[in-house]
Amino acid sequence: MALILYNTLTRQKETFCPLDSHNVCLYLCGPTVYDFAHIGNARPTVVFDVLCRLLRSLYPNVTFARNITDIDDKIIKAAQENDENITDLTQRTTQYFRDDMQALGNFPPDIEPLATQHVGDMMTMIETLITKGHAYESQGHVLFSVKSFRSYGQLSRCNHDEMIAGARVEVAPYKTDAEDFILWKPSPEGVPGWESPWGYGRPGWHIECSAMSFKYLGETFDIHGGGHDLIFPHHENEIAQSQACFGPQTFARTWMHNGMLTVNGEKMSKSLGNFITVHQLLEKMPGEIIRFVLLSSHYRQPLDWTDQGATQAHQSLDRLYNALRGRTIREDVPVYEPIKTALEDDLNTPLAIAGLHEIVTHLHKASSNTEKDQWASILKVSGTWLGLLQQDPEAWFKRNTGLEEKTILLLIEARKQARAEKNFKEADRLRDELLEQGVVLEDGPEGTTWRQQ
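Residues numbered from 1 in each chain as written. Predicted model: local features only at pLDDT ≥ 70, side-chain atom pairs only at ≥ 80, totals over all residues. Heavy atoms only, no water.

1. So, the nonpolar core
One finds Ile39, Leu55 and Trp305 to be the most contacted residues of the largest nonpolar core, which totals 77 residues. Not counting residues within four places of it along the chain, the set of residues in contact with tryptophan 305 comprises Ile39, Leu261, Thr262, Val263, Asn264, Ile276, Leu281, Met285, Ile290, Val293 and Ala310. Of all hydrophobic cores here, the second largest spans 48 residues; its members include Phe181, Ile207, Phe221 and Trp255. (Core = buried A, V, L, I, M, F, W, Y, C linked by side-chain atoms within 4.5 Å. Buried < 20%, exposed > 50% of the residue type's maximum accessible area, 1.4 Å probe, protein only. Contact = heavy atoms within 4.5 Å.)

2. A few points about unusual backbone geometry
Here the residue pair phenylalanine 232 and proline 233 is connected by a cis peptide bond, since its omega of 5° sits within 30 degrees of zero. With respect to the helices, strands and loops of the structure, proline 233 is situated in helix α7 (residues 231-246). For aspartate 83, which is not a glycine, the phi torsion comes out positive at approximately 50°. Here aspartate 83 lies in the loop between α2 (73-82) and α3 (86-103). Look at leucine 389: it is not a glycine, yet its phi comes out positive at around 65°. (Helix = DSSP H or I, 4+ residues; strand = E, 2+ residues; numbered from the N terminus.)

3. Considerations on the sheet that holds strand β6 (residues 141-144)
Spatially, β5-β6-β7-β8 is the arrangement adopted by the 4 strands of the open sheet, whose pairing is antiparallel. Of all strands in the sheet, those bounded by a partner on one side alone are β5 (135-138) and β8 (201-203). Averaged over all pairs of adjacent strands, the angle between their axes in this sheet comes to 20°, without regard to strand direction. Sheet topology note: the β5/β6 ladder contains 4 bridges and is antiparallel. If you follow tyrosine 136 over to β6, its bridge partner there is leucine 143. (Pairing = 2+ DSSP bridges. Axes fitted to C-alpha atoms, helices over the stretch in contact; angles between N-to-C directions.)

4. Overview of the sheet that holds strand β12 (residues 266-267)
Read across the open sheet, the 3 strands follow the order β12-β11-β13; overall the sheet is mixed. Since the sheet does not close on itself, it has two edges, and those belong to β12 and β13 (303-305), each with one partner. By the bridge criterion, 2 bridges tie strand β11 (residues 261-263) to β12 in an arrangement that is antiparallel. Its bridge partner lying in β12, valine 263 is registered against glutamate 266.

5. Focus: the packing of helix α1 (residues 39-58) against helix α11 (residues 337-344)
Between α1 and α11, the least distance of the axes is 11 Å, while the angle of their chain directions is 115°. The angle between α1 and α11 falls in the class roughly perpendicular. Handedness of the crossing formed by α1 with α11: left-handed. Two secondary-structure elements touch here, α1 through Val50, Leu54 and Leu58 and α11 through Lys340, Leu343 and Glu344. (Parallel < 35°, antiparallel > 145°, perpendicular 65-115°, else oblique. Left-handed = near helix turned anticlockwise from the far one by under 90°.)

6. Let's talk about the layout of surface pockets
Which parts of space are left empty comes out when a probe the size of a water molecule is rolled across the atoms. Estimated volume of the second largest pocket: approximately 490 Å³. Lining the second largest pocket are 17 residues; nearest its centre among them are Asn322, Arg325, Gly326, Arg327 and Glu446. When contributions to the lining of the second largest pocket are tallied by element, the ones reaching two or more residues are α10 (307-324), α12 (349-365), α13 (369-386), β14 (439-444) and β15 (447-452). Considering every element that reaches the lining of the second largest pocket, the biggest residue donor is β14, with 3 residues. Grouping the amino acids of the lining of the second largest pocket by side-chain chemistry returns 3 nonpolar, 7 polar and 7 charged. (1 Å grid on protein atoms, 1.4 Å probe; cavity = no way out; pocket = protein on both sides within 12 Å on 5 of 7 lines; lining within 4 Å. Points joined across faces, edges and corners; volume = space filled by probe spheres on them. Nonpolar A, V, L, I, M, F, W, Y, C, P; charged D, E, K, R; others polar.)

7. A word on the side chain of histidine 298
By the element assignment, histidine 298 lies in the loop between α9 (287-295) and β13. Non-local contacts of histidine 298, meaning those with residues more than four positions away in its chain, are made with Arg43, Asp346, Leu347, Asn348 and Pro350.

8. Some remarks on α13
Taking 1.5 Å as the rise per residue, α13 with 18 residues should run 26 Å; its terminal C-alpha atoms sit 26 Å apart, in good agreement. Of all the 18 residues making up α13, 13 are buried; the element is thus mostly covered by neighbouring parts of the structure. After α13 finishes, the residue glycine 387 shows a positive phi value of roughly 75°. (Expected span 1.5 Å × (residues − 1).)

9. So, α9
With 9 of 9 residues buried, α9 is to be regarded as a mostly interior element. Taken together, the buried positions of α9 are occupied by Gly287, Glu288, Ile289, Ile290, Arg291, Phe292, Val293, Leu294 and Leu295.

10. Focus on the pattern of salt bridges
All chains considered together, the criterion is met by 21 salt bridges. Between aspartate 73 and arginine 202 there is a salt bridge whose closest N-O contact spans 2.8 Å. With aspartate 73 in helix α2 and arginine 202 in strand β8, this residue pair connects regions lying 129 residues apart in the sequence. The salt bridge involving arginine 325 is made with glutamate 394; its shortest N-O contact spans 3.0 Å. Placement of the pair is arginine 325 in the loop between α10 and α11 and glutamate 394 in helix α14 (residues 393-397), with a sequence separation of 69 residues. Under the relative-accessibility criterion, arginine 325 is labelled buried at 13%. Salt bridges linked by common partners bring Asp49, Arg53 and Arg291 together as one network. (Salt bridge = Lys/Arg side-chain N within 4 Å of Asp/Glu carboxyl O.)

Encoded structure:
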């Protein structure tokens, strides 16, 4: 079937038709780097990673850009609180983000522009907006005139009053209208800035993505994505300033937004004590479990992170990896067609995961080792489309046990000897001793294997 994607701009599913079938271009709003990324930041990264995997299976080339915002008021505040140089802070936290996203099984983007390296591009765009009458200078600020852009609100579909309330706009003396948003603002002494035609200052947040996407993907490109919370005002403002600069019908053709993530039914908040970073989770569980949870709900739906959900994801991955154990895997098999179909229907990852379990069922019903190996190979290849099941099965089951493998094997051998001598009390004691260390024994026709609990 054709690839179908839900377009936030039109509020409907559409058949995806790229501008250039030889090179699909997409842009994802990346992190503002001042601390560890929280679990909500990881969701769009994982969703777009799956989208890129799918697109690369359908088209000869995909160009994926995801920016790094390394100049922002939050960054300035964090550096001041840490008594740290801003560059040191952003370089360190950027690496945190890259490491954590890699641990979740994500491929890096093709292009990862830093905002601070593209301030000149932002200035050029701002000058064009001023020349065309869509922006004005006032008291060292440059602001976009919302009333000058008649199509404003096309993405969020908010009315004028809702937009002002939703944006929590600042009523400032340098604004002509309350809804006008900042393109450039002055930097006081001690705050990073750049010399510009409007004085020493720094760019507003919204202009960053417009300038960087234009730099690498052109005036018009295929897909722009981010969290649902970015629809307004960030993405609405991106559309306004980009189309005001380059003309109507330019900029992104398809807009994709993932639903919000809560923790135990509540919005994440440091004040509620439920603010969870990816780094914290990785200290407790493999990144693949986190990824599985993030893919277990459709990307457009809200997702609630719970310990129970993580446990269920762990159990599911155990079942899937167990099906791969001892099997001869070939890489030249096709993807399981129902999984491909599910992903082509607006990235239906829950249905695709169900397809992985269907493959395991087929494997268990297979009557020969050759047939079992075939299904195991299909399982492995199909998992690649979701970024799952790429580890060695034995490594999956034997990670972080707290015991060296040599010690575990000695205890298994001692238990085997005790069972041979019908000393079942000792055999049970040895099994329980291993279980206390997180090692689960599984007895089968071919002997005893072990895995992490």
